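Notes for the structure review
Given next are the chains, with one letter for each unit.
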Amino acid sequence: MLKIAKVKLSEVYGKISANMPLFMPIKKAGQVNYGLWEDGVETSVETLKTVKSPKDLFFPQSENMMKFKTDGKNIEVIDIRNEKAPFVLFGVRACDYKAIDVLDKVFLAEPVDTYYQTRREASVIVTMACSKPEDSCFCKVFGIDATAPQGDVTTWMDENYMYWQANTEKGEKLTAIVKEFTENGGEAEVAAQQAAVKAIIDELPFSNLDLSRFQPENLNELFNETVWEEMSEACLGCGTCTFVCPTCQCFDVRDFKTNEGVIRYRCWDSCMYSDFTLMAHGNSRTTQMQRFRQRFMHKLVYYPSQNGGLYSCVGCGRCVNKCPQHLNIVKVIKTLGGKKND
């Protein structure tokens with residue numbers, strides 16, 4: 001294990017940026033989100049939760065996919081993608097890293113989404129262990145260890161040092177770039193921090209949610225629960241939960257006519273919207289209750305049943321913090337988890 005003095009971190013970021021683009025938590029207009037590091041920007045790796053997850057770096061909120069040019073009945077399809085150069089994604093928390101695994105199983109399954117694949121292959125991911133978990137965190141429920149995230153490099157931070165551990169070949173190559181700023185040591189400090197943080201996590205209000213009932217064999221029973229109607233009554237259908245969620249992957253594809261031809265683009269969509277999957281005959285889910293139920297059944301039952309028990313929630317708590325009506329997944333788990341019908 002290596003350690004880097006915190007006073008040298010700006011030099012470390014500069015060194016990495018000189019070799020490849022560096023994306024990390026950046027504070028701008030009072031909010032922290034992942035952005036491109038440049039000399040003079042205000043970094044905030046200590047921020048536990050960025051407003052949006054780093055999902056944007058692999059699955060952008062909006063992206064152009066291709067262009068079409070027409071000449072009479074002839075149509076020319078133009079691939080507008082550029083070769084994606086390697087880049088570093090720095091400061092990813094354990095929950096957000098696990099979310100990338102969830103996205104991989106969607107976008108890298110056949111047929112492979114080559115737009116997503118190109119970005120994933122180009123990325124070098126540096127994770128950061130949590131040292132100050134918040135009350136809204138519940139990653140432990142989904143088997144995630146916030147004190148030991150995976151990634152190409154894992155880092156830990158205390159008042160004086162960042163501790164650095166390379167895990168993959170990509171991580172070793174990145175370590176070589178910043179080697180001049182490192183020194184050996186840190187095992188004891190990291191072990192002490194991990195023990196202290198795990199003790200805090202064990203006492204968080206949502207760390208012991210009961211998922212036992214969310215099993216494939218209970219699908220019909222859960223689907224037909226009458227409490228869905230009551231739980232969804234106050235839902236605004238605003239889609240905030242889906243836009244801050246690191247695992248949501250719904251999108252819409254549209255064509256936009258310009259003076260130079262037609263551009264096909266895709267953008268994030270939300271299963272909470274009344275026009276989601278709208279077709280000529282209408283929408284298969286016509287009420288907000290049905291849309292509300294679909295969101296949480298997918299995360300807790302449908303997705304894990306198709307992916308070896310991997311839930312499509314990582315307990316980051318963003319929806320807990322952002323839902324204006326407090327209708328988050330924690331409420332659903334508390335209401336339905338472990339509950340048995342008479």
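Everything below is about the structure shown above.
Residues numbered from 1 in each chain as written. Predicted model: local features only at pLDDT ≥ 70, side-chain atom pairs only at ≥ 80, totals over all residues. Heavy atoms only, no water.

Within the protein chain, the secondary structure is distributed over eleven helices and twelve strands. For the protein chain, the spread of C-alpha atoms along the principal axes amounts to about 65 × 65 × 35 Å. When the accessible surface of the protein chain is summed, it comes to about 17,000 Å², and 48% of that surface belongs to carbon and sulfur atoms. Averaging the coordinates of the 41 positive side-chain charges in the protein chain and doing the same for the 44 negative ones gives two points 3 Å apart. (Helix = DSSP H or I, 4+ residues; strand = E, 2+ residues; numbered from the N terminus. Areas by Shrake-Rupley, 256 points an atom, 1.4 Å probe, with all protein chains shown as cover. Lys, Arg positive; Asp, Glu negative; His and termini not counted. Charge placed at Lys NZ, Arg CZ, Asp CG, Glu CD.)

We now examine the sheet that holds strand β12 (residues 261–268). The strand order across the open sheet built from four strands is β5-β4-β12-β11, with neighbouring strands paired in antiparallel fashion. Each end of this open sheet is capped by a strand with a single partner; those strands are β5 (74–79) and β11 (251–258). Within the sheet, the average angular offset between the axes of one strand and its neighbour, ignoring direction, is 25°. With six bridges joining them, strand β4 (residues 62–71) and β5 adopt antiparallel strand pairing. When the bridges of β5 are listed, K67 appears paired with I78. Where helix α3 (residues 114–122) meets the sheet, it contacts β4 and β12, and its direction lies at approximately 135° from that of β4. (Pairing = 2+ DSSP bridges. Axes fitted to C-alpha atoms, helices over the stretch in contact; angles between N-to-C directions. Contact = heavy atoms within 4.5 Å.)

All right, on to the side chain of S44 then. Tracing the sequence through the fold places S44 in the loop between β3 (31–36) and β4. Sequence-distant contacts of S44, defined by excluding residues within four places in its chain, comprise P25, K27 and V32.

Inspection of the secondary structure puts V262 in strand β12. The exposure class of V262 is partly exposed, given its relative accessible area of 22%. Sequence separation between V262 and I26 is 236 residues, and the spatial gap between their C-alpha atoms is 35 Å. Discounting chain neighbours no more than four positions away, the residues touching V262 are M66, K67, F68, D255, F256 and K257. (Buried < 20%, exposed > 50% of the residue type's maximum accessible area, 1.4 Å probe, protein only.)

The final tally for this structure, using the stated rule, is 17 aromatic pairs. Centre to centre, the rings of F107 and Y116 are 4.8 Å apart; their planes meet at 25°, and the pair counts as stacked. With relative accessibility at 4%, the residue F107 sits in the buried group. For Y116, a relative accessible area of 0% corresponds to the buried category. Plain terms: the ring middles of Y161 and Y163 are 6.1 Å apart, the flat faces sit at 40° to each other, and that makes the pair tilted. (Phe/Tyr/Trp six-rings, centres within 6.5 Å; stacked < 30°, edge-to-face > 60°.)

Moving on: the sheet that holds strand β2 (residues 22–28). In sheet architecture, strand pairing relies on hydrogen bonds along the backbone and comes in two forms, parallel and antiparallel. If you trace the eight strands from one edge of the open sheet to the other, you get β3-β2-β6-β7-β8-β9-β1-β10, paired in mixed fashion. Across the chains shown, the open sheet's two edge strands, defined by having one partner strand only, are β3 and β10 (183–184). Lying over the sheet, helix α1 (residues 9–19) contacts β1 (2–5), β2, β6 (87–92), β8 (153–157) and β9 (161–166), oriented at roughly 130° with respect to β2. Strand contacts of helix α4 (residues 169–177): β1, β6, β7 (123–128), β8 and β9, with the helix running at about 135° to β9, the strand carrying the most contacts.

Direction of pairing for β4 relative to β12: antiparallel, over a ladder of six bridges. Considered in β12, the bridge of E63 is made with R266. Hairpin connection between β4 and β5: a loop of two residues separates the two successive antiparallel strands, and G72 in this loop has a positive phi of roughly 65°.

It is worth spelling out the pairing of β12 at this point. Pairing of β11 with β12, which is carried by eight bridges, proceeds in the antiparallel orientation. Looking at β12, one finds that T258 is bridged to G261. With antiparallel pairing between neighbouring strands as the criterion, β11 and β12 make up a hairpin whose turn holds two residues.

Among all positions in helix α11 (residues 329–336), only I329, V330, V332, I333 and L336 are buried. All buried residues of α11 project into a common sector of 160° when viewed along the axis, lining one side. For α11, the N-terminal cap is N328; the gap from its side-chain oxygen to the backbone nitrogen of V330 is 3.0 Å. (Arc of directions from axis to C-beta. Polar contact = N/O pair within 3.5 Å; in protein donor to acceptor, adjacent residues only side chain to side chain.)

Now for the pattern of salt bridges. Counted according to the given criterion, the structure contains 18 salt bridges. Among the salt bridges present, the one from E221 reaches R213, with a minimum N-O distance of 2.7 Å. Accessibility expressed as a relative area gives 0% for R213, which makes it buried. Salt bridges here are not isolated pairs; linked through shared partners, they connect E63, D113, R119 and R266. (Salt bridge = Lys/Arg side-chain N within 4 Å of Asp/Glu carboxyl O.)

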